[in-house]
Amino acid sequence: MGLMSKILGGDQSRTVEDYAELDLDDASTSPAEATMQVHIAEVGGQADAIDIKDAVYDGDIVIADITRLRTEDSTVEHIVDELRQVAQEVDGDIVRKGDDQMIITPTGVRISREKLGQKL
């Protein structure tokens, strides 16, 4: 007996009568009010960091693409330092993923340093 047979109840065959039709009119169609948003940002200079900081102060998560910045430029380190300070001020978190992305989170949101499915 395979795993799916165990989950679905053995060797019993299913028929159309085994399933119930769900009426979508009974389900709520109004979306729930979101308390947090995830923003995608492209950082090309200092001015872009201001918008990111504002979003984090407002309680939102920002995924920032920093590929437009030259890695040898001191602007990159200055922007990274500013965003690190913002994450620290709001008791959030910040992670730099490779040379091209940063994730900055607000209060109460931590970023796992383990990749899913990569537990050793």
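So, here is what we can say about the structure in this document. If you're wondering where the values come from, they're calculated on a predicted model, not measured in any experiment.

**With respect to helix 2 (residues 46-57)**
Line of reasoning, step 1. Along its 12 residues, helix 2 runs 17 Å from first to last C-alpha, staying within 8% of the 16 Å computed at 1.5 Å per residue.
Line of reasoning, step 2. Looking at helix 2, one finds that the buried residues are Ala49, Ile52, Ala55 and Val56. Buried residues along helix 2 cover an arc of 120 degrees about the axis, so they all sit on one side. Residues of helix 2 that are exposed and angled more than 90 degrees away from the buried face: Ala47 and Asp51.
Line of reasoning, step 3. If you follow the buried residues of helix 2, they end up packed against strand 1 (38-42), strand 2 (61-65), helix 3 (74-89) and strand 4 (101-105).

**Here we look at the pattern of salt bridges**
Line of reasoning, step 1. Under the defined criterion, the tally for this structure stands at six salt bridges.
Line of reasoning, step 2. For the salt bridge of Glu82 with Lys53, the shortest nitrogen-to-oxygen distance reads 2.9 Å. Placement of the pair is Glu82 in helix 3 and Lys53 in helix 2, with a sequence separation of 29 residues.
Line of reasoning, step 3. Relative accessible area serves as the criterion here: at 14%, Glu82 is assigned to the buried category.

**Quick word on the pairing of strand 1**
A regular strand carries its side chains on alternate faces of the sheet.
Line of reasoning, step 1. Strand direction decides the pairing type here: strand 1 and strand 2, joined by five bridges, are parallel. Pairing of Glu42 across the sheet is with Asp65, part of strand 2.
Line of reasoning, step 2. Since strand 1 and strand 2 lie parallel, the crossover through helix 2 that links them has a hand, and here it is right-handed.

**Focus on the side chain of Asp60**
Line of reasoning, step 1. Mapped onto the elements of the fold, Asp60 is located in the loop between helix 2 and strand 2.
Line of reasoning, step 2. There is no salt bridge for the buried Asp60, and the closest opposite charge comes from Arg110, which lies 15 Å off by N-O distance.
Line of reasoning, step 3. There is a polar contact of 3.0 Å between the side chain of Asp60 and the backbone nitrogen of Gln37.
Line of reasoning, step 4. Once you skip the residues sitting within four places of it in the chain, Asp60 turns out to touch Met36, Gln37, His39, Ala55, Ile104 and Pro106.

About the thresholds
Residues numbered from 1 in each chain as written. Predicted model: local features only at pLDDT ≥ 70, side-chain atom pairs only at ≥ 80, totals over all residues. Heavy atoms only, no water. Helix = DSSP H or I, 4+ residues; strand = E, 2+ residues; numbered from the N terminus. Expected span 1.5 Å × (residues − 1). Buried < 20%, exposed > 50% of the residue type's maximum accessible area, 1.4 Å probe, protein only. Arc of directions from axis to C-beta. Contact = heavy atoms within 4.5 Å. Salt bridge = Lys/Arg side-chain N within 4 Å of Asp/Glu carboxyl O. Pairing = 2+ DSSP bridges. Right-handed = clockwise from strand over helix to strand, strands pointing away. Lys, Arg positive; Asp, Glu negative; His and termini not counted. Polar contact = N/O pair within 3.5 Å; in protein donor to acceptor, adjacent residues only side chain to side chain.

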